[in-house]
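Summary of the model geometry
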Number of protein chains: 2
Amino acid sequence: MGAVNTRGAAPKQDRSRATRQRLLESAVTCLAEHGWTGSTVTVVAEHAGVSRGAAQHHFPTREDLFTAAVEYVAEERSKALRSPERHGDVDVDVDGGGDADGGGAPGTRAAVEKLVALFTGPLFRAALQLWVAASNEPQLHLRVTKLEARIGRETHRMAVELLGADESVPGVRETVQGLLDMARGLGLANLLTDDSARRERVVAQWELIVREALAR
Amino acid sequence: MGAVNTRGAAPKQDRSRATRQRLLESAVTCLAEHGWTGSTVTVVAEHAGVSRGAAQHHFPTREDLFTAAVEYVAEERSKALRSPERHGDVDVDVDGGGDADGGGAPGTRAAVEKLVALFTGPLFRAALQLWVAASNEPQLHLRVTKLEARIGRETHRMAVELLGADESVPGVRETVQGLLDMARGLGLANLLTDDSARRERVVAQWELIVREALAR
C-alpha cells in the first residue's frame, strides 16, 4: 500500500483513499444490480467490506455517496473516451475504419464506436438507475441534474474532438448532439436484453451517415 | 358478471370497463410520478378512487396491473402514431415541412417529429420506470422483455410506414432503427429537465440527415 518512510500518516491516507474508492465502486455495482431502492448505505458498505460507520465517515448521507459515485462514473467514462486504446467498459472493435479516412482525428468508425460504448456498459447502467431515482426523489434531483449538465458538456466536447468535427459549420453541433442521443438510446435498448448484434448493424450504418453529414 | 337481458348487465359491464381503465391510467400516472417502488396496488387504487379489493379483482398481482398498464401505454402510443393529426402526448408541430417533399407518405419532418414525440411524453416516462424496475425485479423482467419486443416491432413497422421507407434497400432498416434509438435517447435526455429547446434543433438537423439517407 503506497510508499512510507516511518509509519502512520501516509499509509493511513492511502487506506482512507482505498476505502473511499472501494465504497464508490460498490455503490456503482449495487446501483446497477439492485437499483436505487435496493442500494442503501448499509448494503453498499457490506459489499465493500467496510463498516457502516466508516462508510458514513466518508459519505455522511446516502445522497452524498451516490452523487460521488456518479461523479466517479463520469470520470471513469471520460478516461475511457480519452484513452487511445480500446477501453474496458465494453468490448470495442477499433480495428479497421480508423485509418481509412485519414487526418489527425481517429477514424469516424472508431469514434462512433467509442461514443456508443460509453452508453452501453455497466457505468451507464448505474447512471441510468440514478437518473430514474432522481426523477422521483426530490433530494437527489438538483444534484443529479447539475452533475448531468456538466457531464453532458464534457461528453459533447470529447465527441467533437474524437470526430474531428468543426462546430463553426451550421448543423454540425446538432449532428454531434443527435449522435450522442442515439448512443444514449442504444444504451437504454441494452438495459433488459443483450442488444449487441442489432446495435452493431445500426452503428455500422450510422457511422456512414454521420461521416457524410460531417463531410458536407 | 356476463350478459344479462333485463337490467344491470350493460351498465355493470360499462362500470367494470371504466374501473379497469381508471386503474390503468392511475398506474401509469403513479409509475411516472413515484417510480416502481412508490407505486403499490394500494397507492394506485387510491389514486383511481377504487377500493383495494376491486383493484385486485381486476388485477390479482402488482405485476399483472403494471404489465397491463404498459400494454395500455403501448396501445395509446400506437394510436398516437397512427392518428393523422397532432396527438395529445406532447405538443408536436406538424406544420411546415410536411408538404415540402411531396409523395404519398407524410413529410419526413412530420414523421420524425411524431416518432420523437412518442418518446418524450408521460407515456414514455412510465415505460422507462417499468424498464428500470424490470432490470432489478426478476418477476417483472420476462414480462416486460416480451412486451417490449412486441412494442419494438410494432413501433418499427409504424416508423417505416410513416417515413415511407423502402426496407428492401440495404441500410434502410438500420437507418430507421438508429432514428428510433435517437428518439429513445432524446426521451431519456428529457427525464430530469425540459430538453425541448435543444431537442427541436437536433430534430430539425436530423430530419435533413434522415431524408437524405433515405433518398439514396
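Residues numbered from 1 in each chain as written. Chains lettered and ligands numbered in written order. Predicted model: local features only at pLDDT ≥ 70, side-chain atom pairs only at ≥ 80, totals over all residues. Heavy atoms only, no water.

1. Considering the UniProt feature "DNA-binding region" (unreviewed entry) in chain A
- What UniProt calls "DNA-binding region" (unreviewed entry) maps, in this numbering, to residues 40-59 of chain A.
- Annotated as residues 40-59 of chain A, this span is 75% helix and 0% strand, and its ends, taken at the C-alpha atoms, are 12 Å apart. (UniProt positions renumbered as here; feature names shortened; annotations may be inferred. Helix = DSSP H or I, 4+ residues; strand = E, 2+ residues; numbered from the N terminus.)

2. Some remarks on the interface of chain B and chain A
- On the chain A side, the residues contacting the 42 residues of chain B number 42 residues.
- Taken as a group, B:Leu188, B:Leu192 and B:Trp206 account for 19% of the area that chain B buries against chain A, more than any other trio of residues on that side.
- Our enumeration of links across chain B and chain A arrives at 2 salt bridges.
- The shortest N-O distance in the salt bridge between B:Asp181 and A:Arg198 comes to 2.8 Å.
- Taken together, chain B and chain A are joined by 20 residue pairs in polar contact (both at pLDDT 80 or more).
- Residue assignment for the side of chain B that touches chain A shows that the elements contributing at least two residues are helix H1 (9-34), helix H6 (122-136), helix H7 (138-163), helix H8 (172-189) and helix H9 (196-215) of chain B.
- Top element by residues in the side of chain B that touches chain A is H8(B). It accounts for 12 residues.
- Among the residues making up the side of chain B that touches chain A, the classes are represented as 19 nonpolar, 15 polar and 8 charged. (Contact = heavy atoms within 4.5 Å. Buried area = accessible area lost by both parts, 1.4 Å probe. Salt bridge = Lys/Arg side-chain N within 4 Å of Asp/Glu carboxyl O. Polar contact = N/O pair within 3.5 Å; in protein donor to acceptor, adjacent residues only side chain to side chain. Nonpolar A, V, L, I, M, F, W, Y, C, P; charged D, E, K, R; others polar.)

3. Things to note about the relation of the copies chain B and chain A
- Least-squares fitting of chain B to chain A yields an RMSD of 0.1 Å, with the transformation described by 0.0 Å of translation along the axis and a rotation of 180°. These values place the two chain copies in the arrangement generated by a two-fold rotation axis.
- Most of the interface of chain B is mirrored in chain A: 100% of its interface residues are interface residues there too. (Least-squares fit on C-alpha atoms with pLDDT ≥ 70 in both.)

4. Notes on the packing of helix H5 (residues 108-118) of chain B against H7(B)
Residue and element names in this part refer to chain B.
- Where H5 meets H7, the axes come as close as 9 Å, and the angle between the chain directions of the two elements is 160°. Between H5 and H7, the crossing angle belongs to the class labelled roughly antiparallel. For the pair H5 and H7, the crossing hand works out as right-handed. For the pair formed by H5 and H7, the contact residues are Thr108, Ala111, Val112, Lys114, Leu115 and Leu118 on the first element and Thr155, Ala159, Leu162 and Leu163 on the second.
- Broken down by class, the residue content of the contact of H5 with H7 amounts to 7 nonpolar, 2 polar and 1 charged. (Axes fitted to C-alpha atoms, helices over the stretch in contact; angles between N-to-C directions. Parallel < 35°, antiparallel > 145°, perpendicular 65-115°, else oblique. Left-handed = near helix turned anticlockwise from the far one by under 90°.)

5. Re the packing of aromatic side chains
Residue and element names in this part refer to chain B.
- Tallied over the entire structure, the rule returns 7 aromatic pairs over all chains.
- Taking 5.2 Å as the distance between ring centres and 70° as the angle between the ring planes, the aromatic pair formed by tryptophan 36 and phenylalanine 66 counts as edge-to-face. Here tryptophan 36 is found in the loop between H1 and helix H2 (41-48), whereas its partner phenylalanine 66 is found in helix H4 (residues 62-82), with 30 residues between them in sequence.
- With relative accessibility at 0%, the residue phenylalanine 66 sits in the buried group.
- Centroid distance phenylalanine 119 to phenylalanine 124: 5.8 Å. Interplanar angle 65°. Geometry classified as edge-to-face. (Phe/Tyr/Trp six-rings, centres within 6.5 Å; stacked < 30°, edge-to-face > 60°. Buried < 20%, exposed > 50% of the residue type's maximum accessible area, 1.4 Å probe, protein only.)

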